[in-house]
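Listed below, chain by chain, are the residues.
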Amino acid sequence: MTKNKIDLKVVLLGYASVGKTCIVYREMYNQFGDTHTTIGGAFSSKRAVVGDTEVLLGIWDTAGTERYQAVNRSYYRRANAAIVCYDLTNSETWEKVTFWAEELTQNEPDIEIYIVGTKLDLIQHGEQRAIPNIRVEETAKRYNAHIFETSSRTGENVSLLFQTIAENFCKKTNNGTNLPNHNNNNSIGNSVKVDQKSEKEKGGCC
Ligand SMILES: Nc1nc2c(ncn2[C@@H]2O[C@H](COP(=O)(O)OP(=O)(O)OP(=O)(O)O)[C@@H](O)[C@H]2O)c(=O)[nH]1
């Protein structure tokens, strides 16, 4: 039985086709399938439980296409957490991580930033990592950000990401009591231990 209820606004940002919509689909429906280019923004909501607190996550998926960049500012306004995505196999997508991290730090200083490398399954199948870990860690340190690597195809680390966001928010607002310990099992400081299969949700269609 949960006692407290809190709302948490999460926004997904990042270069086009990095897999933002697929992360939301995996979290909402435990599926991986065809997506369309996001136009403007799309809203979903999900309930998480942290100790005796019910957290209602309002998730805003945004368009990665350059021409929607200005619109995206209205989606991150007053957000508590930002999932800033890049494709682990595509160096071009990394430039938007520093762009958004800088912009969020300037305009929403209280926002918690999660740098998320997507398409982890491709790395596991032998594709080259486009950005060395050390560079990702340096950037995360600069923006006091958390690091995750996810695969929406296999589901790896996706629900862990959202659960961690909810738990960290509860800790920050002192609303979470009796927090479960799982966060600590998978973390190195701010980061998920990316070489450890901390969570594997199987399912999905393709
Ligand atoms: N292998 C693999 N492909 C993925 C993964 N996530 C997404 N994709 C593929 O990447 C492409 C883009 O995914 P989307 O989720 O639509 O990307 P997006 O970032 O929302 O794109 P925009 O709406 O244009 O900003 C699709 O072809 C997906 O199938 C993943 O975890 N693994």
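For clarity, every value in this text was computed on a predicted model and none was experimentally measured.

Asker: Give me the lowdown on the nonpolar core, citing residues and values where you can.
Answerer: In terms of nonpolar packing, the biggest core is built from 26 residues, with V55 and I83 touching the most fellow members. When contributions to this core are tallied by element, the ones reaching two or more residues are β1 (4-14), α1 (20-29), β2 (41-50), β3 (53-62), β4 (81-87), β5 (112-118) and α6 (158-173). Those residues in contact with I83 that lie beyond four places of it in its chain are V10, V11, L12, L13, Y114, V116, L161, F162 and I165. Counting residues in hydrophobic clusters, the runner-up holds 25 residues, among them Y86, A101, I123 and A145.

Asker: So what's going on with the site of the ligand? Which residues, and what values?
Answerer: Looking at the ligand, there are 19 residues lining it, with K20, T21, T35, G64 and D121 nearest. S17 is positioned with one of its backbone polar atoms (N or O) 3.0 Å from an oxygen atom of the ligand. Side-chain polar atom of D121 to a nitrogen atom of the ligand: 2.8 Å apart, as the coordinates give it. Summarising the interface, the protein chains cover 85% of the accessible area of the ligand, which totals 660 Å² for the free molecule. Within the residue set of the shell around the ligand, elements represented by two or more residues are α1 and α4 (120-124).

Analysis parameters
- Residues numbered from 1 in each chain as written.
- Predicted model: local features only at pLDDT ≥ 70, side-chain atom pairs only at ≥ 80, totals over all residues.
- Heavy atoms only, no water.
- Core = buried A, V, L, I, M, F, W, Y, C linked by side-chain atoms within 4.5 Å.
- Buried < 20%, exposed > 50% of the residue type's maximum accessible area, 1.4 Å probe, protein only.
- Helix = DSSP H or I, 4+ residues; strand = E, 2+ residues; numbered from the N terminus.
- Contact = heavy atoms within 4.5 Å.
- Near = heavy atom within 4 Å.
- Polar contact = N/O pair within 3.5 Å; in protein donor to acceptor, adjacent residues only side chain to side chain.
- Areas by Shrake-Rupley, 256 points an atom, 1.4 Å probe, with all protein chains shown as cover.

Interpretation in functional terms is not warranted from these geometric data alone.
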